[in-house]
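Here is what each chain is made of, one letter per residue.
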Amino acid sequence: MADEQALDEVVRFTSDLIRIDTTNRGGGDCRERPAAEYAAEQLAGAGLEPVLLERTAGRTNVVARIEGSDPSADALLVHGHLDVVPARAEDWSVHPFSGEIRDGVVWGRGAVDMKNMDAMILAVVRGWARAGVRPRRDVVVAFTADEEDSARDGSGFLAGEHAALFEGCTEGVSESGAFTFHDGAGRQLYPIAAGERGTGWLKLTARGRAGHGSKVNKENAVTRLAAAITRIGEYEWPARLTPTVRAALTELALLYGIESDPDDVDGLLHKLGPAAKLVEATVRNSANPTMLEAGYKVNVIPGEAVAYVDGRHLFGVEDEFRATLDELTGPDVDWEFHHRSIALQAPLDSPTYAKMRAAVEEFAPEGHVVPYCMSGGTDAKEFSRLGITGYGFTPLKLPEGYDYQAMFHGVDERVPVEALHFGVRVLDRFLRTA
Ligand SMILES: [Zn+2]
């Protein structure tokens, strides 16, 4: 059981890590090193031997291994990223890098995504050192750089160049799972992530005939591009259920006593009410146009116009995603992947999932654990290259009215102290028994 000191430390570590500004502006503009050194210091204080690893100066990752008591057991990875997305101080109620603790709530960029989990991991393993606890499995702890951009300096680098550090790891846990989802009707759900959609960020290029803006031009690159992104933006993707999403829908339907036609996904979502939020973004692929670049003067038709689209695809249907985009872009517009990553699917009948579920149920007996699929992606994608199956498990007990999903990359990101205490207790129980 996590001790008092662990409960104090998780709050202090969250606040301290928020105060270390690790804003990732993309394109290599980030410096995680001070946060990595902070984490390494806490690990060393627990008698561990953390290694600091950099592909690029200042973009620091930290890895440490805690030896388990059962040498025949597979190792377990627990990881958290150290970088955060930008925050504009003028939009916030408190300074985003203050780490201020006010009325039992820790405020700041990273409070939820995901310096909270980094702090929980540190507090748990330090508690083990004090109590002389050894987990059953080897536990490999990794704090990564660059999750909020390409992962090239973070998990991608670790999986590619330092696989030996993860030897024996078969499963991993990290962000976005086991948080309280209030359904508005008094029920508390605890969704554990067992899958991620894949990312397909697309660059569309329309070419045409450049010329004077006053002349007839049927080969206008801007018009061609606009038509293509309108088709993409308005396209209604068909429902495609992965095993995790199907299980989530089945369990929710059972919990709510809803008779459902398995082929009428949208009808079921409608009947689920607020709980539909947990699954609605993952029953189909998606593609949203997000950026446009074209032209330099109002009376000049440019020869080329470019757009970017944030596409996401479900496990097992990437081919369909690509074929659909070929069709939607049409003959006048080329497209390529600007960035892409695979979709993930993790089993729900594994002992590890059962243990995550049991740990949540022990400390939140009123809660209902359900599986879900993440709509976006995490470092788990990179670690999957090492054969590591990823689950989203960052336990947080959250009060009603607290909009957890809005905290990710949102304004006034914050986390209740009570949520962190719950997280430490549940994570401790899970990691030591997993
Ligand atoms: Zn994150």
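Residues numbered from 1 in each chain as written. Predicted model: local features only at pLDDT ≥ 70, side-chain atom pairs only at ≥ 80, totals over all residues. Heavy atoms only, no water.

> What is the right way to read the overall build of the protein from this model?
In terms of helices and strands, the protein carries 12 helices and 19 strands. Taking 434 residues into account, the globule formula puts the C-alpha radius of gyration at 22 Å, and the protein, at 23 Å, falls close to it. Referenced to the eigenvectors of the C-alpha coordinate spread, the extents of the protein come out at roughly 80 × 55 × 45 Å. Burial status across the protein gives 57% buried among its 434 residues. Split by element, the accessible area of the protein, about 18200 Å² in all, is 49% carbon and sulfur. Seen as two clouds, the 45 positive and the 67 negative side-chain charges of the protein have centres 3 Å apart. (Helix = DSSP H or I, 4+ residues; strand = E, 2+ residues; numbered from the N terminus. Rg over C-alpha atoms; globule rule 2.2 N^0.38 Å. Buried < 20%, exposed > 50% of the residue type's maximum accessible area, 1.4 Å probe, protein only. Areas by Shrake-Rupley, 256 points an atom, 1.4 Å probe, with all protein chains shown as cover. Lys, Arg positive; Asp, Glu negative; His and termini not counted. Charge placed at Lys NZ, Arg CZ, Asp CG, Glu CD.)

> Please clarify how the UniProt feature "domain: Peptidase M20 dimerisation" (unreviewed entry) in the protein should be interpreted in this entry.
Residues given the UniProt feature "domain: Peptidase M20 dimerisation" (unreviewed entry) here are residues 195-314. End C-alpha to end C-alpha, residues 195-314 measures 9 Å, and it is 29% helix and 29% strand. (UniProt positions renumbered as here; feature names shortened; annotations may be inferred.)

> Help me understand the sheet that holds strand β19 (residues 414-416) in this model?
Backbone-to-backbone hydrogen bonds join strands into a sheet, with any given pair of strands oriented parallel or antiparallel. The sheet built from 3 strands is open, its strands ordered β4-β5-β19 with antiparallel pairing. At either margin of the open sheet sits one strand with a lone partner, and together these are β4 (101-102) and β19. In the sheet, β4 pairs with strand β5 (residues 105-107) via 2 bridges, with the strands oriented antiparallel. By the bridge assignment, Ile 101 is partnered in β5 with Val 106. The strands that helix α1 (residues 4-19) touches are β4, β5 and β19; relative to β5, the one it contacts most, it runs at about 15°. Set on the sheet, helix α12 (residues 417-433) makes contact with β4, β5 and β19; between it and β19 the angle comes to about 70°. (Pairing = 2+ DSSP bridges. Contact = heavy atoms within 4.5 Å. Axes fitted to C-alpha atoms, helices over the stretch in contact; angles between N-to-C directions.)

> Sorry, what's going on with helix α8 (residues 318-329) here?
One full turn of an α-helix is made of 3.6 residues, so residues set three or four places apart face in the same direction. Compared with the 16 Å implied by 1.5 Å per residue over 12 residues, the 16 Å span of α8 between its first and last C-alpha is a close match. Elements in contact with the buried residues of α8: β10 (198-207), α5 (221-234), β12 (286-294), β14 (304-313) and β15 (333-341). (Expected span 1.5 Å × (residues − 1).)

> Before we go on, may I ask you to explain the coordination of the zinc ion in this structure?
In an ideal tetrahedron of four donors about a metal, each angle is 109.5 degrees. In an ideal octahedron of six donors, the angles are 90 or 180 degrees. On the protein side, the zinc ion has His 81 (NE2), Asp 113 (OD), Glu 175 (OE) and Glu 175 (OE) as donor atoms, found 1.8 to 2.6 Å from it. All donor residues of the zinc ion come from one chain, and their arrangement in sequence is H-x31-D-x61-E. Residue His 81 is found in strand β3 (residues 75-81), and its partner Glu 175 is found in the loop between β7 (169-174) and β8 (181-182); the two are separated by 94 residues along the sequence. Neither His 81 nor Glu 175 differs from the other in exposure class; each is buried. (Donors = N, O, S within 2.8 Å, 3.2 Å for Na, K, Ca; no water.)

> I'm lost on the packing of aromatic side chains in this one. Help?
Aromatic ring pairs: the centre-centre distance and the angle between the two ring planes describe each pair. Under the definition given, this model contains 11 aromatic pairs. Judged by centre distance (5.2 Å) and plane angle (85°), the rings of Trp 335 and Phe 337 are edge-to-face. For Trp 335, a relative accessible area of 18% corresponds to the buried category. Ring plane angle 40° and centroid distance 6.4 Å describe the contact between Tyr 353 and Tyr 391, whose orientation is recorded as tilted. Of the two residues, Tyr 353 sits in helix α9 (residues 351-363) while Tyr 391 sits in strand β18 (residues 389-392), which places them 38 residues apart along the sequence. This pair shows no difference in class: Tyr 353 is buried, exactly as Tyr 391 is. Through a chain of ring-to-ring contacts, the aromatic side chains of Phe 179, Tyr 372, Tyr 404 and Phe 408 assemble into a single cluster. Here Arg 187 stacks its cationic end above the ring of Tyr 256, 4.9 Å away from the centre of that ring. Positioned above the aromatic ring of Trp 107 is the side chain of Arg 414, whose terminal nitrogen or guanidinium carbon lies 5.0 Å from the ring centre. (Phe/Tyr/Trp six-rings, centres within 6.5 Å; stacked < 30°, edge-to-face > 60°. Lys NZ or Arg CZ within 6 Å of the ring centre and 35° of its normal.)

> Would you mind showing me how to read the domain arrangement of the protein here?
Interfaces are frequently sized by the accessible area removed from exposure as the parts join. Considered domain by domain, the protein is made up of domain 1 (4-176 + 378-433) and domain 2 (198-341). Domain 1 and domain 2 are separated by 32 Å when their C-alpha centres are compared. (Domains from an automatic or database assignment.)

> What exactly am I supposed to notice about the packing of helix α6 (residues 243-255) against helix α7 (residues 265-272) here?
The axes of two packed helices give the description: the angle between them and the distance between them. At their nearest, the axes of α6 and α7 sit 11 Å apart, and the two run at 45° to each other. By the angle class used here, α6 and α7 are oblique. In the crossing of α6 with α7, the sense of the turn from one axis to the other is left-handed. Contacts between α6 and α7 involve Leu 249, Leu 252 and Ala 253 on the former and, on the latter, Val 265, Leu 268, Leu 269 and Leu 272. Looking at the contact of α6 with α7, its residues break down into 7 nonpolar, no polar and no charged. (Parallel < 35°, antiparallel > 145°, perpendicular 65-115°, else oblique. Left-handed = near helix turned anticlockwise from the far one by under 90°. Nonpolar A, V, L, I, M, F, W, Y, C, P; charged D, E, K, R; others polar.)

> It is not clear to me how the pairing of β10 should be interpreted in this structure. Could you clarify?
Consecutive side chains along a regular strand alternate between the two faces of the sheet. Counting buried positions along β10 yields 7 of 10 residues, so the element is predominantly enclosed. Inspection of the sheet shows β10 paired to β14 by 10 bridges, in the antiparallel sense. Across the sheet, residue Gly 200 finds its bridge partner in β14, namely Gly 311. Strand direction decides the pairing type here: β10 and β15, joined by 8 bridges, are antiparallel. In the strand pairing of β15, Trp 201 is matched with His 339.

> When you look at the environment of Glu 167 in this model, what are you seeing that I'm missing?
Locating Glu 167 in the fold gives a position in the loop between α4 (155-161) and β7. Taking the relative accessible area as the measure of exposure, Glu 167 reaches 58% and is therefore exposed. On a C-alpha basis, the gap between Glu 167 and Leu 386 in space is 8.8 Å, while along the polypeptide they are 219 residues apart. Among residues more than four places away in sequence, those in contact with Glu 167 are Arg 65 and Ala 75.

> Sorry if this is basic, but what is going on with the pairing of β7 here?
A large share of β7 lies buried, amounting to 5 of its 6 residues. Where β7 and β18 come together, 4 bridges link them in parallel fashion. Bridging across to β18, Val 173 finds its partner in Tyr 391.

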